[in-house]
Amino acid sequence: MDMFPFDTMWFRLLAGLLIGLILGSFTTMLSYRVPRRISIVQPPSQCPQCHTPLKPRDLVPVLSWLIERGQCRHCRATISPRYLVIELVTTAAVVVAFLALGFCPTLIPALIGIVALVTLVTINIERQKDL
Ligand SMILES: [Zn+2]
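Thresholds, definitions, all that
- Residues numbered from 1 in each chain as written.
- Predicted model: local features only at pLDDT ≥ 70, side-chain atom pairs only at ≥ 80, totals over all residues.
- Heavy atoms only, no water.
- Helix = DSSP H or I, 4+ residues; strand = E, 2+ residues; numbered from the N terminus.
- Buried < 20%, exposed > 50% of the residue type's maximum accessible area, 1.4 Å probe, protein only.
- Contact = heavy atoms within 4.5 Å.
- Areas by Shrake-Rupley, 256 points an atom, 1.4 Å probe, with all protein chains shown as cover.
- Lys, Arg positive; Asp, Glu negative; His and termini not counted.
- Charge placed at Lys NZ, Arg CZ, Asp CG, Glu CD.
- Donors = N, O, S within 2.8 Å, 3.2 Å for Na, K, Ca; no water.
- Tetrahedral: all angles 85-135°; square planar, octahedral: opposite > 155°, others 65-115°.
- Expected span 1.5 Å × (residues − 1).
- Core = buried A, V, L, I, M, F, W, Y, C linked by side-chain atoms within 4.5 Å.

Caption draft 1: Fine view of the overall build of the chain. The secondary structure content of the chain amounts to 4 helices and 0 strands. Reading the chain from its N end, one meets helices and strands in the order α-α-α-α. Seen along its three principal axes, the alpha-carbon backbone of the chain occupies a region of about 50 × 30 × 25 Å. The 131 residues of the chain split such that 35% are buried. Put simply, of all contacts in the chain between residues at least 6 apart along the chain, 62% involve residues at least 24 apart. Within the structure as shown, the chain displays about 8600 Å² of accessible surface, and the carbon and sulfur contribution to it stands at 70%. In the chain, 12 positive and 7 negative side-chain charges are present, and the distance between their average locations comes to 9 Å.

Below, the structure is given as structure tokens:
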């Protein structure tokens, strides 16, 4: 049944954490840009306040937000904890998917579903706040 020779629980956990953090970062970008009709390719990520382009060290999921305590490194504007929450929720869901499914073809649609679901729920919550 296993399609991947290293398919152990520890490997699933590590792979789930790594891919979950990457997809979590992607999900924060989607949930910010899609409702604002900003391209998801250009421009590169920037501070919403001072528009300074973010460097790779500012884009490490979860860690960057924690290290800078939710502030922009340049202008000290507050960066919403939504980024941290979205990254953590996405990572948790991806880890569960990896542990439950392992490395099988079903994993791909499951990951796409997680990203789509978290993005839509986030946009929905944000929209209701604006009403
Ligand atoms: Zn800034």
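Caption draft 2: Spatial organisation of the coordination of the zinc ion. Note on the zinc ion: its protein donors are Cys47 (SG), Cys50 (SG), Cys72 (SG) and Cys75 (SG). The metal-donor distances range over 2.3 to 2.4 Å. Each of the 4 donor atoms bound to the zinc ion contributes to angles spanning 106 to 115 degrees, and the resulting shape is tetrahedral. Of note, the donors binding the zinc ion are all from one chain and are spaced C-x2-C-x21-C-x2-C. For Cys47, a relative accessible area of 2% gives the class buried. The class of Cys50 is partly exposed, set by a relative accessible area of 30%.

Caption draft 3: Geometry of the environment of Leu107. Its place among the elements puts Leu107 in helix α4 (residues 107–130). With a relative accessible area of 6%, Leu107 lands in the buried category. For the pair Leu107 and Ala97, spaced 10 residues apart in sequence, the C-alpha to C-alpha distance is 7.0 Å. Leave out the neighbours within four places in its chain, and Leu107 touches Ala97, Phe98, Leu101 and Gly102.

Caption draft 4: Representation of helix α3 (residues 82–101). Over its 20 residues, α3 extends 28 Å from the first C-alpha to the last, a length consistent with the 28 Å expected when each residue adds 1.5 Å. Those residues of α3 not exposed but buried are Arg82, Tyr83, Leu84, Ile86, Glu87, Thr90, Thr91, Val94, Val95, Ala97 and Phe98. Positioned one or two residues after α3, Gly102 has a phi angle of 70 degrees, which is positive.

Caption draft 5: Structural context of the side chain of Thr122. Tracing the backbone shows Thr122 in helix α4. Judged by its relative accessible area of 13%, Thr122 is buried. Ignoring anything within four residues of it in the chain, the contact list for Thr122 reads Ser31, Arg82 and Ile86.

Caption draft 6: A look at the nonpolar core. Judged by nonpolar contacts, the single largest core of 13 residues is most densely connected at Leu23, Val94, Phe98, Leu107, Leu111 and Ile114. Secondary-structure elements contributing two or more residues to this core are α1 (9–36), α3 and α4. Setting aside chain neighbours within four positions, we find Leu111 in contact with Ile19, Leu23, Val94 and Phe98. Ranked by size, the runner-up nonpolar core spans 5 residues in total, among them Cys47, Cys72, Ile79 and Tyr83.

Caption draft 7: Spatial organisation of the side chain of Asp58. Note that Asp58 resides in the loop between α1 and α2 (63–67). With residues near it in sequence (within four places) discarded, Asp58 still touches Ser64 and Arg73.

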